[in-house]
Amino acid sequence: MKELHQVFSRQIFPFLQVFLLLILFLPFNLVSQNILSDHIIISFSVFIVACLAAISIFMVTINKQILQVTITDILAAYYFVYILLNAYVIRPIPVPDILEIRYLLVVLIYLSVRIMTNKEKNRGLTIIMVIGILEAIFIMLQACGLLESRHLLFKFTGSFFNPGLAGCFIACSLCILIYYLVTALQPLNKLFISAGTILLSCALILTNSRAGWLAAIIGISYILWHSDNKLIRQVKLHLRNSFIPKIIIISIILSGMMFFYQYKKSSADGRLFIWKVCLEMIEDKPLTGHGPGTFRSKFPHYQAAFFTKKPNSDYAFVAGNPSTPFNEYLSVLVTQGLVGFTLLIIILLTLFMNRDITRKQKMKQSFLLTFCIFAFFSYPMEHYRTLILFPFFAALLPSKYIVTIHNQKINFILFSIVFSGMYFSVKAINEFSKLEQTYKLQHRMTTVEYEKIKYDIDLLENYYTFVGYKLPDAEELKIVEDYVNLYPSSIGLCELGKKYKVKNNPNKAREYFTFASNINPSLITPYYELFLVYQEEGNINEMKEIGKKILHHKIKEESTTSLKMKAYVKKILHNLQAPKKVLINKKN
């Protein structure tokens, strides 16, 4: 019996942990290219993490570890409960299954890593590092033209769709490598780690992710600052005793800030505009926010209101239809309010301000710091493979213990959470697989089924794409209307406006075209569609007014389509002026 116990605790369970962590971080999105791949993979990830948590609990039980609840654990529990209450009470529309699955994923990752031993946590870090190196190799192969990117515009994205997310994963992996480089004792290990560091650095540069660069620089600097390196100790001494090094460092920081801003100025201005509009959203609901997952449905209304007040604003040329605010902290403020934001910041402070830790533990704070810096300029919480880095790194760090709990008392709670994760993940996989078949076979949904999926933008969009065109006109129109009302965008509004124009409902058409032009004033299509509506109505005065706007309209990039629109408008306006010229000639 004792031998069996040792086999399980030293061989089988550790192997299963490594195996499950590898499955969790591997890019299965490259293998599975189905319609609902992302939904199914995220649900499958929850099941994997639930199994990982179950193994961690079994190992704790077998090894008779004593679990200690920290202040961070208590705050995290309060934060999770608040998010659930906010989602089901404050959020104005029903909570989609995928949002619940994402919350479960975060909770289970934190739980499973939190109860691991330090040795098991280090295995997890090594796996993230290895996957990061594989991502870097993937990017280098794309740079050599041997592999293609999944994105049409960006060449170096690794296994991700967006280079920014690849930059996040590689920046975090690079910090882990630097940590191992600083703490490694064997010269051969340092040699291999140095090679990996060079590879990851080159890949990070190729991603062209400013947020990734900045996060990696700050994270690596944090590791070096808290290392026991002689050179670093001398630098610290010079900083304490001399004023000039401080001036140099401040100058470098300010120069770096200007470089990152000017490197992609239009992109930076676009994000600054999004943040500006977000502040107006926060002013409306400062305490509890608009509800989790509501940014995409609420933001366009505020952007349209901004341009209605300031139609000639220069921000029109950097405005778009963002699905995220490109800042996770602003996202929390907008959707969860000051209550959620305060809880999150306090949780982070308990992790970073703990002084009773070793030098190595202090250096490990850099992993979470790197993620947090990246989160200030991007959206790592949107993709499941970068999302799980946050609870993983948070669970690595020690915090002040509050109470020690015997395993028998807490095992019931832990296993309840684990089995809930297994149940909901299997249920979600089953439901998403059925929906996959519905889309592929182009089956019509019942009213109950449709009402359930319409609050998930991806499910609704896919239903319209694969099934909508086969439905009766009234049902197809309802899908488009639901989509536009729930998730407004200039393209969707124009599409709906055209459908109402075909149905001889110019009032509705004008309403949607006007809303589209207010959301994104730099687009010419809404104005052109309004011009066509006024032309059909014979409203010459409005035609002339909107026609002048179109002809003098400044857009980001002139295209064949925009030039054709302007040529048509110019021709019609010219014809409207022709009778006057004829009349003048007759009088002469």
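As a reminder, the structure under discussion sits directly above these lines.
Being a predicted model, the structure only gives us computed values, none of them experimental. (Residues numbered from 1 in each chain as written. Predicted model: local features only at pLDDT ≥ 70, side-chain atom pairs only at ≥ 80, totals over all residues. Heavy atoms only, no water.)

### Side note on the packing of helix α4 (residues 97–114) against helix α16 (residues 389–396)
Part 1 of the argument: In the contact formed by α4 and α16, the axes pass within 8 Å of each other and the chain directions differ by 30 degrees. Put simply, α4 runs roughly parallel to α16. Between α4 and α16 lies a crossing whose hand is right-handed. Here Val106, Ile109, Tyr110, Val113 and Arg114 of α4 come into contact with α16, specifically with Pro391, Phe392, Ala394, Ala395 and Leu396. (Axes fitted to C-alpha atoms, helices over the stretch in contact; angles between N-to-C directions. Helix = DSSP H or I, 4+ residues; strand = E, 2+ residues; numbered from the N terminus. Parallel < 35°, antiparallel > 145°, perpendicular 65-115°, else oblique. Left-handed = near helix turned anticlockwise from the far one by under 90°. Contact = heavy atoms within 4.5 Å.)

### Looking at unusual backbone geometry
Part 1 of the argument: Positive phi values are uncommon outside glycine, yet phenylalanine 326 reaches one of about 55 degrees.
Part 2 of the argument: On the secondary structure map, phenylalanine 326 appears in the loop between α12 (295–309) and α13 (328–352).

### Points about the pattern of salt bridges
Part 1 of the argument: Enumeration according to the criterion identifies 14 salt bridges in this entry.
Part 2 of the argument: In this structure, lysine 452 and aspartate 97 form a salt bridge, with 3.8 Å as the shortest nitrogen-oxygen distance. Of this pair, lysine 452 sits in helix α18 (residues 447–453) while aspartate 97 sits in helix α4, and the two are 355 residues apart along the sequence.
Part 3 of the argument: One salt bridge in this structure joins aspartate 482 and lysine 478, with 2.9 Å as the shortest N-O distance. Of this pair, aspartate 482 and lysine 478 both sit in helix α20 (residues 473–486), 4 residues apart, roughly one helical turn.
Part 4 of the argument: The buried category is assigned to aspartate 482, whose relative accessible area is 13%.
Part 5 of the argument: The network of salt bridges with shared partners includes Glu451, Lys454, Lys478 and Asp482. (Salt bridge = Lys/Arg side-chain N within 4 Å of Asp/Glu carboxyl O. Buried < 20%, exposed > 50% of the residue type's maximum accessible area, 1.4 Å probe, protein only.)

### Examining the packing of helix α14 (residues 359–375) against α16
Part 1 of the argument: Across the interface, α14 lies against α16 with an axial gap of 8 Å and an inter-helix angle of 150 degrees. Judged by the angle between their axes, α14 and α16 are roughly antiparallel. Judged by the twist between their axes, the crossing of α14 over α16 is left-handed. The residues of α16 that touch α14, namely those facing Phe367, Leu368 and Phe371, are Leu389, Phe390, Phe393, Ala394 and Leu396.
Part 2 of the argument: Here the residues of the contact of α14 with α16 are counted per class, giving 8 nonpolar, no polar and no charged. (Nonpolar A, V, L, I, M, F, W, Y, C, P; charged D, E, K, R; others polar.)

### Considerations on the side chain of threonine 438
Part 1 of the argument: Within the element layout of this structure, threonine 438 appears in helix α17 (residues 407–441).
Part 2 of the argument: Given a relative accessible area of 16%, threonine 438 falls into the buried group.
Part 3 of the argument: In this structure, threonine 438 is in contact with His443, Met445 and Val467, ignoring residues within four places of it in sequence.

### Details of the packing of aromatic side chains
Part 1 of the argument: Counted according to the given criterion, the structure contains 27 aromatic pairs.
Part 2 of the argument: Seen in terms of ring centroids, phenylalanine 273 and phenylalanine 307 are 5.3 Å apart; in terms of plane orientation they differ by 35 degrees. Their pairing is tilted. Linking phenylalanine 273 in helix α11 (residues 265–284) with phenylalanine 307 in helix α12, this pair joins segments that are 34 residues apart in sequence. For the residue pair phenylalanine 273 and phenylalanine 307, the accessibility class agrees, reading buried in each case. (Phe/Tyr/Trp six-rings, centres within 6.5 Å; stacked < 30°, edge-to-face > 60°.)

### Looking at the environment of lysine 549
Part 1 of the argument: Secondary-structure assignment places lysine 549 in helix α24 (residues 540–551).
Part 2 of the argument: Owing to a relative accessible area of 44%, lysine 549 belongs among the partly exposed residues under this scheme.

### A short note on the nonpolar core
Part 1 of the argument: Grouped together as the largest cluster of nonpolar side chains are 146 residues, with contacts concentrated most on Phe25 and Phe393.
Part 2 of the argument: Beyond its immediate stretch of four places on either side in the chain, phenylalanine 25 contacts Ile127, Ile128, Ile131, Phe169, Arg385, Ile388 and Leu389. (Core = buried A, V, L, I, M, F, W, Y, C linked by side-chain atoms within 4.5 Å.)

### What to know about helix α22 (residues 506–519)
Part 1 of the argument: For α22, with 14 residues, the first-to-last C-alpha span of 20 Å sits near the 20 Å given by 1.5 Å per residue.
Part 2 of the argument: Every buried residue belonging to α22 is among Ala509, Arg510, Tyr512, Phe513, Ala516, Ser517 and Ile519, and all of these are buried.
Part 3 of the argument: Residues of α22 that are buried in the fold lie against α12, α20, α21 (490–502) and α23 (525–537). (Expected span 1.5 Å × (residues − 1).)

### A look at the side chain of aspartate 73
Part 1 of the argument: Inspection of the secondary structure puts aspartate 73 in helix α3 (residues 71–90).
Part 2 of the argument: Its relative accessible area of 15% is what places aspartate 73 among the buried residues.
Part 3 of the argument: Polar contacts involving the side chain of aspartate 73 include one to the side chain of tyrosine 110, which spans 2.5 Å.
Part 4 of the argument: If near-sequence neighbours (up to four positions away) are discounted, aspartate 73 is found in contact with Gln68, Tyr110 and Arg114. (Polar contact = N/O pair within 3.5 Å; in protein donor to acceptor, adjacent residues only side chain to side chain.)

### Some points on a nonpolar patch on the surface
Part 1 of the argument: A cluster of nonpolar side chains, Val130, Leu134, Ile137, Leu141, Leu146 and Leu147, forms an exposed patch at the surface whose accessible area comes to about 480 Å².
Part 2 of the argument: With respect to the element layout, isoleucine 137 can be found in helix α5 (residues 118–143). (Patch = residues over 30% accessible without salt bridge, like charges linked within 9 Å, V, L, I, M, F, W, Y side chains within 5 Å. Areas by Shrake-Rupley, 256 points an atom, 1.4 Å probe, with all protein chains shown as cover.)

### Observations regarding α11
For an α-helix, the turn length of 3.6 residues means that residues three or four places apart are oriented alike.
Part 1 of the argument: The terminal C-alpha atoms of α11, which comprises 20 residues, lie 29 Å apart, in line with the 28 Å expected from a rise of 1.5 Å per residue.
Part 2 of the argument: Where α11 is concerned, the buried positions are Ala268, Asp269, Gly270, Phe273, Ile274, Trp275, Val277, Cys278, Met281 and Ile282.

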